[in-house]
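Notes for the structure review
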Amino acid sequence: MRKYLYIYKSELMSQLQYLFNLVFGFIGCGIILFIFFNLWHYIYSDSSQIINGYSVDQMIWYVIITEIIWGACMGRTLCRKISNDVRGGNIAYNINKPYNYIGYSLASHLGTATVKGIIYTVLALILGLVMMGNFPTTNVLELVLVLISSILAVVISSLFTIFIGLFSFFIEDSSPFYWLYSKFILVIGVIFPIEYFPNVVQPFLKFSPIYVVSYGPAKLFVNFNINDCISIFVAQFIYILVAYLLCSLVYKKGVRRLNVNGG
Amino acid sequence: MLTVVKNQIKVTLLSIKYGLMRQMLNKTTFITNIIFMLLNNASFILQWVILYSLKDNIGGYTFKQVLLLWGFAAGTYGVSHFFFKRVFSLSDIINTGKLDASIIQPKNILLSVITSDVEASALGDLIYGYIMLFICDISISSFLLFTLFIICGGIIMTSIAIIYGSLAFWFNNTEMLADTGNSLMVNFATYPEGIFKGVVKTLFYTLIPIGFANYIPVQVLNDFNVFGLLAVLGVTTLILCMAIAIFYKGLKNYSSSNLMSARI
């Protein structure tokens, strides 16, 4: 475990050199938040209106939290990195090292995600305060639980992205599969809470990755409930286990097909 | 003069053709890229189905008009990223001295750089654009107008990318600025302008000209007016001229880095 912590720390220190880039990169996320601020204010005729159990402020805070998590995940970068490692043969330098490639990729990626997550959280919360002038919750314990749930969401999303990236062992470019995964999470999980979908679909969504990757932490932030909190944490731990097993399975099958031609 | 233009067009088309052939080397990946991009774009229909279940009219647009807006956004993106892919890495090309290879060629430098590669998935965007058009309106006139508008929109998007990319002639580390500027065009393009107010709306017709690339074309296609058409054509020409002028002005500041590399 110590070696992965060391990899995590090295990546974290390396990312601290590019703080300005990350702050600048928040502009894209800020634009999305601005668009949804306008969109939800257009949809809600007044601030007291409640749609599917959410007020306009709760909807905007929901999008802010899911966007922070999604921004910190940087799935496209991770998927491209793993895809390039496999296609370019770089993976050959990793498989003969005394660490597990999945663990290495996860630890390294989480180092980057930590720095980006902190910057995005600070800036997005400031933006949210400026746009709405209030916070859904100020209870420290609730905020800590939301933070832990958000971290677990990033871990799960990173493991799913590694899983998709490892498809490159079988097809040359796994990016298209990542597009589909990202749109599934983005359109269904990041923009709308599960309650916005028809009653028939809701139970399925509660068993899908959306529940643990985006809906869970955001729901806890806008409307904290201890029962929801427990079920979200249980689901997140199960998903971490399942996602890791899936990664290991694909990696084991894929690495047998690896053929590196010199370098 | 006419022969020079003819030759330049021939070289540019050949460059795009070879770029496409490179992408088609692995047919499975090529087709997967296109199909998945179609699915990727189509997934956003769900977002609008949910939003329109809450309100009949969003920002002055009906559901069909939003589909058409998506058609224009995808088509514009497709034209720009398929034919002029390398314009989106212009900053990097200038900063790393990769412009040398194009400068020594006896053809137009800017065209040579930006058409030297194609993006296969952008074909998926182009196809998606036409699917959205056919869902909203099937007629030869709308097909021709749509094609004209996405070419204009693609040129506007490419011109803006040339302007952002050319900043690298004067400043260092402009990649992030260029990326952010280009993503502004994409992010706003799929939302009805009516949901925005004040200064932001003005930006759509000035610094982020998606008004001319997307909003006016939707209006013209729904209710034809010649002024809208002329405005799009005029602004496209103006932005393109500005972009070319800025690029060649900046090129005078370019100095070779003596980069040695193999182009395969």
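Relevant structure appears above.
Residues numbered from 1 in each chain as written. Chains lettered and ligands numbered in written order. Predicted model: local features only at pLDDT ≥ 70, side-chain atom pairs only at ≥ 80, totals over all residues. Heavy atoms only, no water.

1. Here's the deal with helix α4 (residues 75-88) of chain A
Residue and element names in this part refer to chain A. Which entries qualify depends on this criterion: Each helix is a run of DSSP H or I of at least 4 residues and each strand a run of E of at least 2, with the numbering of both proceeding from the N terminus. Here a helix's expected span is defined as the number of its residues, less one, multiplied by 1.5 Å. Whether two residues touch is decided by their heavy atoms; if any such pair falls within 4.5 Å, the residues are in contact.
Over its 14 residues, α4 extends 19 Å from the first C-alpha to the last, a length consistent with the 20 Å expected when each residue adds 1.5 Å. On its buried face, α4 sits against α3 (56-73), α5 (91-95), α6 (101-132), α7 (140-165) and α8 (175-190). Within two residues after α4, G89 carries a phi angle of roughly 90°, on the positive side.

2. Focus: the layout of surface pockets
Residues and elements named next belong to chain A. Threshold: Here a cavity denotes a set of grid points, spaced 1 Å apart and computed over the protein atoms alone, in which a 1.4 Å probe fits but from which it cannot get out, and a pocket denotes an open set meeting protein on both sides within 12 Å along at least five of seven lines; residues with an atom within 4 Å of a point are reported as lining. Grid points are joined across faces, edges and corners, and a volume is the space filled by probe spheres set on the points. We call Asp, Glu, Lys and Arg charged. Ala, Val, Leu, Ile, Met, Phe, Trp, Tyr, Cys and Pro are nonpolar, and the rest, Gly among them, are polar.
Each pocket or cavity is described by its volume, and for the second largest pocket that value is around 860 Å³. Every element with two or more residues in the lining of the second largest pocket is listed here: α1 (2-15), α3, α6, α7 and α11 (226-255). Broken down by element, the lining of the second largest pocket gets its largest block of residues, 11 residues, from α6. Along the lines of polarity and charge, the residues of the lining of the second largest pocket split into 27 nonpolar, 5 polar and no charged.

3. Here we look at the pattern of salt bridges
Residue and element names in this part refer to chain A. Selection criterion: Salt bridges are counted wherever a side-chain nitrogen of Lys or Arg sits within 4 Å of a carboxyl oxygen of Asp or Glu. Think of it in three bands: with a 1.4 Å probe and only protein chains considered, a residue is buried below 20% of the maximum accessible area for its type, exposed above 50%, and partly exposed in between.
Within this structure, the stated rule accounts for 5 salt bridges over all chains. E195 serves as the salt-bridge partner of K219, at 3.5 Å between the closest nitrogen and oxygen. Taken together, the positions of K219 in helix α10 (residues 209-222) and E195 in the loop between α8 and α9 (202-207) put the pair 24 residues apart, joining distant regions of the chain. Classification of K219 as buried rests on a relative accessible area of 10%.

4. Side note on α3 of chain A
All names here are of chain A. With 18 residues, α3 should reach 26 Å at 1.5 Å per residue; the first-to-last C-alpha distance of 26 Å fits that figure. In terms of burial, α3 is a largely internal element, 17 of the 18 residues being buried. Phi for M74, located one or two positions after α3, is positive at around 45°.

5. Things to note about the interface of chain B and chain A
In plain terms, the rule: Each of two parts loses accessible area, computed with a 1.4 Å probe, when they are put together; buried area is these two losses added.
Taken together, the 33 residues of chain B in the interface contact 31 residues of chain A. Across the chain B to chain A interface the summed buried area is about 2900 Å²; carbon plus sulfur atoms make up 80%. Linking chain B to chain A there are 0 salt bridges. Contributions of two or more residues to the side of chain B that touches chain A are made by α2 (27-54) and α9 (175-189) of chain B. It is α2 of chain B that contributes the most residues to the side of chain B that touches chain A, 14 residues altogether. Of the residues belonging to the side of chain B that touches chain A, the class tally is 17 nonpolar, 14 polar and 2 charged.

6. Topic: the side chain of E193 of chain B
All names here are of chain B. Heads up, the rule is: The convention is simple: Lys and Arg are positive, Asp and Glu are negative, and His and the chain ends are not counted. Side-chain atoms alone can form a polar contact between residues adjacent in sequence; in general such a contact is a pair of N or O atoms within 3.5 Å, and within protein one must be able to donate a hydrogen while the other accepts it.
If you trace the backbone, E193 turns up in the loop between α9 and α10 (199-203). There is no salt bridge for the buried E193, and the closest opposite charge comes from K201, which lies 5.3 Å off by N-O distance. Reaching out from E193, the side chain makes a polar contact with the side chain of Q219 at a distance of 3.5 Å. Ignoring anything within four residues of it in the chain, the contact list for E193 reads Y61, K201, F204, Y205, Y215 and Q219.

7. Remarks on the nonpolar core
To keep it simple, the criterion reads: Definition used in this section: a nonpolar core is a set of buried Ala, Val, Leu, Ile, Met, Phe, Trp, Tyr and Cys residues joined via side-chain atoms within 4.5 Å.
Residues W40, Y44, I64, L166 and Y196 of chain A together with F188 of chain B are the most contacted members of the largest nonpolar core, which totals 175 residues. The contacts of I64 of chain A, once residues within four sequence positions are left out, are L33, A124, G128, M131 and M132 of chain A.

8. Examining a nonpolar patch on the surface
Residues and elements named next belong to chain B. Under the convention used in this document: Only residues above 30% relative accessible area that lack a salt bridge enter a patch, with like-charged residues linked at up to 9 Å and the nonpolar side chains Val, Leu, Ile, Met, Phe, Trp and Tyr linked at up to 5 Å. Shrake-Rupley sampling with a 1.4 Å probe provides the accessible areas, and residues are treated as covered by the protein chains on show and by no other component.
A cluster of nonpolar side chains, contributed by L148, F224, V226, F227, L230 and L233, occupies part of the molecular surface with about 580 Å² of accessible area. For the nonpolar patch, the element with the highest residue contribution is helix α12 (residues 226-251), accounting for 4 residues. You can see L230 is positioned in helix α12.

9. Re the packing of helix α2 (residues 19-43) of chain A against α6 of chain A
Residue and element names in this part refer to chain A. Definition in use: Note on geometry: axes are lines fitted to C-alpha atoms, helical ones only across the stretch in contact, with angles between N-to-C directions running from 0 to 180 degrees. We call two directions roughly parallel when the angle between them is under 35 degrees, roughly antiparallel when it is over 145, roughly perpendicular when it lies between 65 and 115, and oblique otherwise. Here a crossing is taken to be left-handed if its near helix is turned anticlockwise relative to the far helix by less than a right angle, and right-handed if that turn runs clockwise.
Running from N to C, α2 and α6 point in directions that differ by 40°, and their axes come no closer than 9 Å. Comparing their axes, α6 and α2 come out oblique. Where α2 crosses over α6, the handedness of that crossing is right-handed. Residues L19, L22, V23, G25, F26, C29, G30, L33 and F37 of α2 form the contact with α6, whose participating residues are V115, K116, I119, Y120, L123, A124, L127, M131 and M132.

10. Examining the packing of α3 of chain A against α7 of chain A
Residues and elements named next belong to chain A. Interhelical geometry of α3 versus α7 gives an angle of 45° and a closest axis separation of 9 Å. Considering the angle they form, α3 stands oblique to α7. The chirality of how α3 crosses α7 is right-handed. Here I69, W70, A72 and C73 of α3 come into contact with α7, specifically with S150, A153, V154 and S157. Class assignment of the residues belonging to the contact of α3 with α7 gives a composition of 6 nonpolar, 2 polar and no charged.

11. Overview of the environment of I210 of chain A
Within the secondary structure, I210 of chain A sits in helix α10. If we skip the residues at most four places from it in the chain, I210 of chain A touches F184, I185, I188, G189, L205, Y215 and G216 of chain A.

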